[in-house]
Amino acid sequence: MKKRIRFIPQHDQMDCGPACLAMVAQIFGRNINLNLLREYCYLTKEGVSLMGIKEASEKIGFDAFAGKICTKDIEKDMLPCILHWNQNHFVLLYKLSKDNFTREIYYHIADPGRGLIKLKTHELEMSWLCDDQKGIALFFEPTPYFFNLGVENANNTSFTALMKYWKPYRRQLVQLMVLLILGSMVALVFPFLAQKLIDDGVATKSISAITLILIAQLAFYLGNIIFEIIRNWITLKVGAKININILSMFIKKILRLPILFFERKTIGDFNQRIQDQDRIELFLTSQSLQTLFSLITFSVFFAVLFYYDVRILIVYSFFTFMSIIWSLYWLKRRILLDFIKFQVKTNNQNTFLELIHGIQEIKINQLEETRRDEWEKGQHELLNINSRILKVSQLQNSGFDFINQLKNILATFLTAYLVINNKMTLGMLLSVSYIIGQMNGPINQLITFFRTFQDAKLSFERLNEVQDLNDEEFGELRKLEYHESSSKLSGIKFENVSFYYEGPNSQPILNNINLNVPSGKVTAIVGSSGSGKSTLLKLLLRFITPTTGDLFYNDENILDISPENLRSNCGVVMQNGHIFSDTIERNIAVGSNDIDRERLCEAIRIANLETFIEELPLRTKTKIGASGNDLSGGQKQRILIARAVYKNPPYLFLDEATSALDANNERTIHDNLNEFFRGRTVVIIAHRLSTVKRADQIVVLNEGNIVEYGAHLELVQKKAEYYNLIKNQLELGN
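None of the values given here were measured: they were computed from a predicted structure.

1. What about a nonpolar patch on the surface?
Inference 1: Judged by side-chain polarity, L218, Y221, L222, I225, I229, W233 and L236 come together as a nonpolar surface patch covering roughly 730 Å² of accessible area.
Inference 2: Looking at the element boundaries, L222 is found in helix α8 (residues 207-255).

Right under this line is the structure:
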């Protein structure tokens, strides 16, 4: 039986497909884990394909089929269905309705990035139909397997889950509780002092009594200030530590995740999550403690008001309850708007970061106006969502303030009526007015608490979703067995390895690769751009795992080897290697607390960095700018080569390691590296013949397939794929 839709927003820019599928599952009665759906959809940084969504739906127990249909052919019993929206997005069509007067059909859409919307026919067709006046849709029918699948979402965003961050600070929490209780006791005195001031001081015209009461008020007020100062200091210190703890847990977790996790996220996704922790800290420190203090104060004044007159208390309580209900209703409306704002801010951050990082290309291609217009468009979207949030906030606050004001007027009227009828003194009226004023503050604080809890819960949910992901070091893993004697090593072996970024039915990046990489030898991988060379290197480093087939290191399946231990045995120069904002020696001897000077000098010699370093004022202790911005491409590559050499690894993987070098530097470094290669298992990815012709084995890739392999002269004589790749290079006849 189908249920009413529960909107599920996309947490990241490319989450629209998995979010739509999660809503489909929810309509049919199951809450499927969103992380699982991302994995099943083969989500990438570019998003997800319709084929990926279809395959994911079949894995969780749907019979799914896609097709192109006209708008008039959509019927209620075909829903829900996922629509391909604007050729770059996915939305869910979950309901059809008809206007009772105009008989016009409305289409109810759940857009993971924009919320629940209702469209007329022409509005739907503008975003959905293709040039042939048909739109692409994916339809679903659940199977028995769907209802037995054990992949329900776990709720880890409760109040208890948030408050666990206070556990290490129990002593400070006790101190704060004591201060809160003392502050409440002090607050309890003020209404009685106010009553005494009127009844025993003003009414009797006793200056000494008035003076004594006012001095007492001042003393209690100063005491309250002292308590508040101490509370604020404790809150500041604990808040800072909680803030660090929240971010530390998040960063610690994501650093344990596989590379694929990072390839599916944009910089804006990460930045926005980092900013989310501010809302969690605000709730855990300022708001939660302030609300606790307010509730204690409210309870004290509640008892005092009961002591004065129960009728005033009943009026006050009824209207207070109504104001809280009103506010909570509008708070629920803000949940969706918060998610939408998160997405818009993420997009804006990505646009701005791209503008900064791509400034060189922007100026070369005169894209200043285009990129600025794109940024302005994002700002207008943010203005629109902020306007919607403001509208909800105004409705919430206006209704809340009106009910509160009505409550205050009625309570004041009732108190004045009792004074006129001699059932209360004038001092008691002043005291009750003071109490009601003091009780309004905690109610306002309670509403703020609910709002910040909601914000913190949403932020915590976004930060905490990574905790459900498996670490890269998952299960029982072994260390890579390596022996100094090469006779004991069988090398690296690919057996029927295929890899697909978007699932087995998509175009393979690597297709049925069978390859032996001999131990202690140099293997070169060549091929045109997009042939799968870099993907093969990622498999060797276990950044990704084979979709099908097996990869072995010395007869040990790579899936049974610890990724961390594997990489500790590998020296790697990636095509886009990163230079850290640190000294040259720390960029070469990364991860070493005590630098081996002899190894450092040898790495610098092999990478031909000696002349460059000698010209620097602080030699190897010279600090490099962020990401190596002060270095040329060739200098960066030589530092990366020195880094791989310093590691002194048994395995060495080089991806276009000398592509940015001039001929003289390249020749020198090649000669030095050939000495370093001895006894090591080396895989080189390169286009230049000078880099690969000395390899013991050359493997030629084309569109993910191995088309030929052998030594340089052997392949040249065949005059096939390898010959065509290098025939225009000058060294062909050597």
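2. Quick word on the sheet that holds strand β10 (residues 548-553)
Inference 1: The four strands are arranged β8-β7-β10-β11 in an open sheet whose pairing can be described as antiparallel. Of all strands in the sheet, those bounded by a partner on one side alone are β8 (510-517) and β11 (556-557).
Inference 2: Bridge count between β10 and β11: two bridges; the pairing is antiparallel. Note on β11: the bridge partner recorded for Y553 is E556.
Inference 3: Against the sheet, helix α15 (residues 533-540) touches β7 (492-499), β8 and β10, its axis set at about 120 degrees to β7.

3. Concerning the nonpolar core
Inference 1: The biggest cluster of nonpolar side chains holds 47 residues, and the ones touching the most others in it are I588, L609, I641, L654, L673, F677 and Y722.
Inference 2: Those residues in contact with L654, other than ones at most four positions away along the chain, are V573, L673, F677, V683, I684 and I685.
Inference 3: Counting residues in hydrophobic clusters, the runner-up holds 31 residues, among them C20, C41, V48 and F140.

4. Focus: the environment of I685
Inference 1: Along the chain, the position of I685 falls in strand β14 (residues 681-685).
Inference 2: Overall, I685 belongs to the buried group, its relative accessible area being 2%.
Inference 3: In sequence terms I685 and A657 are 28 residues apart; their C-alpha atoms lie 8.1 Å from each other.
Inference 4: When neighbours within four sequence positions are excluded, I685 is seen to be in contact with I525, K533, S534, L537, L654, D655 and E656.

5. Remarks on helix α21 (residues 663-676)
Given 3.6 residues per turn, any residue in an α-helix points the same way as the ones three and four places further on.
Inference 1: Compared with the 20 Å implied by 1.5 Å per residue over 14 residues, the 20 Å span of α21 between its first and last C-alpha is a close match.
Inference 2: Looking at α21, one finds that the buried residues are N665, E666, I669, H670, N672, L673 and F676.
Inference 3: In this fold, the buried residues of α21 make contact with α18 (597-606), α20 (633-646), β13 (651-655) and α22 (689-692).

6. Some words on the environment of F220
Inference 1: With respect to the helices and strands, the residue F220 is situated in helix α8.
Inference 2: Along the chain, F220 and G183 lie 37 residues apart, while their C-alpha atoms are 9.4 Å from each other.

Rules and cut-offs
Residues numbered from 1 in each chain as written. Predicted model: local features only at pLDDT ≥ 70, side-chain atom pairs only at ≥ 80, totals over all residues. Heavy atoms only, no water. Patch = residues over 30% accessible without salt bridge, like charges linked within 9 Å, V, L, I, M, F, W, Y side chains within 5 Å. Areas by Shrake-Rupley, 256 points an atom, 1.4 Å probe, with all protein chains shown as cover. Salt bridge = Lys/Arg side-chain N within 4 Å of Asp/Glu carboxyl O. Helix = DSSP H or I, 4+ residues; strand = E, 2+ residues; numbered from the N terminus. Pairing = 2+ DSSP bridges. Contact = heavy atoms within 4.5 Å. Axes fitted to C-alpha atoms, helices over the stretch in contact; angles between N-to-C directions. Core = buried A, V, L, I, M, F, W, Y, C linked by side-chain atoms within 4.5 Å. Buried < 20%, exposed > 50% of the residue type's maximum accessible area, 1.4 Å probe, protein only. Expected span 1.5 Å × (residues − 1).

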